[in-house]
Every structure is written in C-alpha cells, then in structure tokens.
Amino acid sequence: MGFKLDYLLSILPRLISAAAVNLRLAVIIMLLALVLGTALTIVRSRKIAAVNACIAVVISFVRGTPLLIQIFIAYYVLPAVGLDLSPEVAGVSAIAFNSMVFVSESMRGGLATIDAGQIEASTALGLPPHAIWLKVVLPQLFRRIVPVLINEATIVVKGTALLSVITVVDVLRTSQQIASSSYRPFETMIGSALVFLVINLAISLSGRLAERRFAAARA
Amino acid sequence: MSAVPVLRVSNLTKRFHGVTTLDQVYLDVHAGQIVALIGPSGCGKSTLLRCLTWLEQPDDGFIEVAGKPLGRELMPGGVVRRHSRRQIDALRPQVGIVFQQFHLWPHMTALENVVRPQTVVLGRSRDEATRRGAELLMRLGLADRMDRHPHALSGGQKQRVAIARALAMDPALMLFDEPTSALDPELVGEVLAVLRTLADIGMTMLVVTHEIGFAASLADRIAFMDRGRILEEGPARDILAAPKEPRLQSFLDLVRTDHRIVRTTANPTE
C-alpha cells in the first residue's frame, strides 16, 4: 500500500477542522499556565519555607512523571476523590498544571536576572508591592522569557494530541478514526503530523517576531 | 524658615550580624540646605541613606521627615510604634533618592520612567503626570531624550532622568548616593551644575560623596562620618579649613594627597 497524495489532500479538510479543537485547548492551557505560573512564582518569591517545600514536592512530581500519566490521573483518578471532570476539562487541567510548573521555573530563572536595585528604587519611590510586580518586574520578566514561552507553547500544542487517549476528538483521534475505516494509516498519520507542524511553525515564527520587537526595550 | 527641620535623625543605630554600621547617628537638615556627608568607605554613609528611605530598617532611633515620623514613632508614654508598609509607603515619596547606579526601569522610556510613579503612587492623571515629567526633563536638558529607553542614554543622562523621577514626586528632601562615582571624571562639573539648579529652586539635599572638592563647592554644611558615627558637622568652610576632630583631619589629609597623586598620574607630562 503506497502513499497517495490525493488521498492525503482529501482528508486534510477534516483534520484541519479537528485542529480547531487542539488550538482552542492549547490557547486555554497556555493562558491558564501563564496566570497560574505567574501566581506560583509570586508565591514562591515570598520565600515562606513551608510553602516552598510543598511546592517543591509538587514540582518534582510534575517534572519527574510523564505528562500522559498526569492526564490519566486527572481523568481516571480524580473522579475517585469526587472530581468528575469531562475529558476536555480533565485534559486541560492536567496539561495546564504541568505547563504552569515549567512557566514558573523559567520565570524564577528570569527573576534572578532582574536587577534588585530597580526593585529598591521602586520601593523608595513608594510603589506598593503589587505595583512593583505589575509595572516593573512582570513586564520585564515576560519579555525576557518570550523564547521559553514560545517553546512551552509548542510543547503544549503537541501535548494536546495526548488528549486523544481520553476520548477528546482532536486531530490525532480524528486521523485514527479515518485510518481505522480506510486502512490507510500512512496518509492519515502524515496528515496529522503536518497539521501540528504547521501550527508550531506559525507559533515559532510569531515568537521570533515578538522577540525582535521586545529586543529594543531590553537593557 | 520654619523651625521644623526637613530631616531629623536621632539616635539612629543599625547593626548587621553584630557589626554596628550606624552608631547613634544624630543629624538635622533644614529647609534649603545642602549637606554633604563625607567619610571613608565603609563608614556607614550609604547605610544611612538606605535607612532614610527605609530600605534598611534601623534597629534603633527615629527618623522624621518634615516633622512626620518615618518607620516608627515614639508614642506618648514611651511606647515605640512600628509603622506598616502602607504607612511607610505613604511617606516615601517625600524622600527622593538618586542611587549610584540610578536604577531606571529599562523597559520604559525616559519620560515613562518619570510619569509612571506619579500615576501609580500619587494618583495623578496621566496628562498631569506627563506634563510634570516633560517639564522636569526639559529643565534638566533632556527635551530631546524623552522617548529614549535608558540603554540609549549616557550615564549623565540616566542620572538626570533618575533625578527627574524623584523630583516628580515633589519630595521635601533629596538624597544622592555618590552622584559622581558612576560617571566619567569630566562629568563631575555637569553633576555639580545639575545639583546647583536644584539648589536654586530651594531643594533640600543630603549628598553622600567622597569627593572633597565636590562637597566643598556644593554644600552649605558638611557632616563627617567614621565608623558609623557622625563625628563632626558644621558649615562647609569651617569643616574643611579648621577640622577639630583628628580623624577628620587625617581623612582630609589622605584625600588631598590622593588627589595630588591622581592629578600627577593623569597628566604625567605636566
């Protein structure tokens, strides 16, 4: 059974419409990861020993276990403790939680490169702590970690394919359904790979543009 | 002139890990005065400035800015009450500080550096803050640099933006931490000129410096600090011409010889 380009072209419309699911979930996940990751970074920066020890345990769990297992835990284990989530919600929560940790880790790295003198200058001017975070620290931090965030966004997009195993009908699951009825896995898998590749190339490209724009504002 | 000093420091003491950096410091600065704080490095000059903005918490003693206690106050009955961060922040704009390294915000333009604290801290409208910021930057000779980010400014320009940023808060007192040390030696005259323009508008200033010549040509009064204490304080001319304290005497001798060395090595052909 050889490769047929016209078959690939014929299934692309279905794959592209399924990609809307991946894109929608990826956007929600990234927004959640950014908000939660920022919150986590601020909590960690307060250096409360007991809190940071708990966070360290959670982080080592997230970093040390496969994302697929984390997704399974969200979908199959959480109902046992009374949290019965739909496949999409469970999947989004699992990946967002995972991504939050990576966002927070890279923010923590970036935080060390922000000159403490700026924070002192802000304090001396009378800026309250929340204003120092919002106006001084975070704007610089986000600009500095744009490359890392772009990388994380591509990982999140790829991660959404894993949600096919908990019955989210995404690009991968759609292509599996097509393959199982047509017995043509070659074209369908190539097709779904192409869809992800195009999305991630677009993300990398826009990331590079954003980086260039922010470069001017960097010290 | 009002009798209440713009800055009153009494019995200020600060220890770091058992080392006394500030040892019962007393200092009054009256409205319109320029006081230079001199002394050997490590004598506590910068620590004193940091305490005056509460970036460092003194272990003992009191600070009053225009009659209002900063950080902690003595209540009737001898009880010392500590202020909350909010109370301290409310008084902080009264004390402008210009750091040695300026510490401008690199992600904002020069104008935005001056505008932002006014809107955030004083609650001024954007229009009003922009007007005030532009006016200050213009007066400091930065009319054509307002839209630049700090990395595109020279050291002297950054310093003037930092000065404008502090002045925009309408402080009662301006503190300068070694204003000449981060700049090229030929800019010392420029810094002097800028500080003089501030003096002309009646700004009260406390300037930490180790350049005696700079202190002599700028200050009305000089305070000499050594090992965490202010040993001698008085009119600039008297202090430099007739120091009473032996340690000040030897410090001045040392600094003056140093200057001669610097001069001869700078111009070996002379």
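Our subject is the structure listed above.
These lines cover the structure that appears in this document, whether it is placed above or below.

What counts, and at which threshold
- Residues numbered from 1 in each chain as written.
- Chains lettered and ligands numbered in written order.
- Predicted model: local features only at pLDDT ≥ 70, side-chain atom pairs only at ≥ 80, totals over all residues.
- Heavy atoms only, no water.
- Contact = heavy atoms within 4.5 Å.
- Buried area = accessible area lost by both parts, 1.4 Å probe.
- Salt bridge = Lys/Arg side-chain N within 4 Å of Asp/Glu carboxyl O.
- Polar contact = N/O pair within 3.5 Å; in protein donor to acceptor, adjacent residues only side chain to side chain.
- Helix = DSSP H or I, 4+ residues; strand = E, 2+ residues; numbered from the N terminus.
- Nonpolar A, V, L, I, M, F, W, Y, C, P; charged D, E, K, R; others polar.
- Pairing = 2+ DSSP bridges.
- Axes fitted to C-alpha atoms, helices over the stretch in contact; angles between N-to-C directions.
- Parallel < 35°, antiparallel > 145°, perpendicular 65-115°, else oblique.
- Left-handed = near helix turned anticlockwise from the far one by under 90°.

**Topic: the interface of chain B and chain A**
Size of an interface, as often reported, equals the accessible area lost when the parts are brought together.
Part 1 of the argument: Between chain B and chain A, the contact holds 25 residues from the first and 24 residues from the second.
Part 2 of the argument: When chain B packs against chain A, the two sides together hide about 2,000 Å² of surface, and 66% of this comes from carbon and sulfur.
Part 3 of the argument: Looking at the side of chain B facing chain A, the largest losses of area belong to W105(B), P106(B) and H107(B), adding up to 29% of the total buried there.
Part 4 of the argument: Counting across the chain B and chain A interface gives one salt bridge.
Part 5 of the argument: As a salt-bridge pair, E120(A) and R50(B) come within 2.6 Å of each other at their nearest N and O atoms.
Part 6 of the argument: Where chain B touches chain A, the interface holds seven residue pairs in polar contact (both at pLDDT 80 or more).
Part 7 of the argument: When contributions to the side of chain B that touches chain A are tallied by element, the ones reaching two or more residues are α2 (85-91), β8 (95-98), α3 (110-121) and α5 (155-167) of chain B.
Part 8 of the argument: Broken down by class, the residue content of the side of chain B that touches chain A amounts to 14 nonpolar, five polar and six charged.

**Some points on the sheet that holds strand β11 (residues 221-226) of chain B**
All names here are of chain B.
Part 1 of the argument: Read from one edge to the other, the open sheet built from six strands follows the order β8-β9-β10-β3-β11-β12, with strand pairing classed as mixed. Edge positions in the sheet fall to β8 and β12 (229-235), since each of these pairs with one other strand and no more. For this sheet, the mean inter-axis angle between neighbouring strands, taken without regard to orientation, is 20°.
Part 2 of the argument: Pairing of strand β9 (residues 173-177) with strand β10 (residues 205-208), which is carried by four bridges, proceeds in the parallel orientation. Within β10, the position partnered with D177 by the bridge is V208.
Part 3 of the argument: Sheet strands touched by helix α1 (residues 45-52): β3 (34-38), β8, β9, β10 and β11. Its angle to β9, the strand with the most contacts, is close to 145°.

**With respect to the side chain of T21(B)**
Part 1 of the argument: With respect to the element layout, T21(B) can be found in strand β2 (residues 19-29).
Part 2 of the argument: In contact with T21(B), not counting residues within four places along its chain, are K14(B), R15(B), F16(B), C43(B), G44(B), T47(B) and G228(B).

**Observations regarding the packing of helix α7 (residues 146-159) of chain A against helix α9 (residues 185-215) of chain A**
Packed helices, taken two at a time, are described by the angle between their axes plus the distance between the axes.
All names here are of chain A.
Part 1 of the argument: It is the contact of α7 with α9, at a shortest axis distance of 9 Å, that shows an interaxial angle of 165°. Considering the angle they form, α7 stands roughly antiparallel to α9. Viewed along their axes, α7 and α9 form a crossing whose handedness is right-handed. On the side of α7, the interface is formed by V146, P147, I150, A153, T154, V157 and K158, while α9 contributes F196, I199, N200, I203, S204, G207, A210, E211 and F214.
Part 2 of the argument: Classifying every residue of the contact of α7 with α9 by side-chain character gives ten nonpolar, four polar and two charged.

**Comments concerning the pairing of strand β1 (residues 7-16) of chain B**
Residue and element names in this part refer to chain B.
Part 1 of the argument: Inspection of the sheet shows β1 paired to β2 by seven bridges, in the antiparallel sense. Across the sheet, the residue bridging to L12 is V25, located in β2.
Part 2 of the argument: Between β1 and β2, which pair antiparallel one after the other, the connecting turn spans two residues, and H17 there sits at a positive phi close to 45°.
Part 3 of the argument: When β1 meets strand β4 (residues 60-65), the two strands line up antiparallel, connected through five bridges. Of the residues in β4, the one forming a bridge with T13 is D60.

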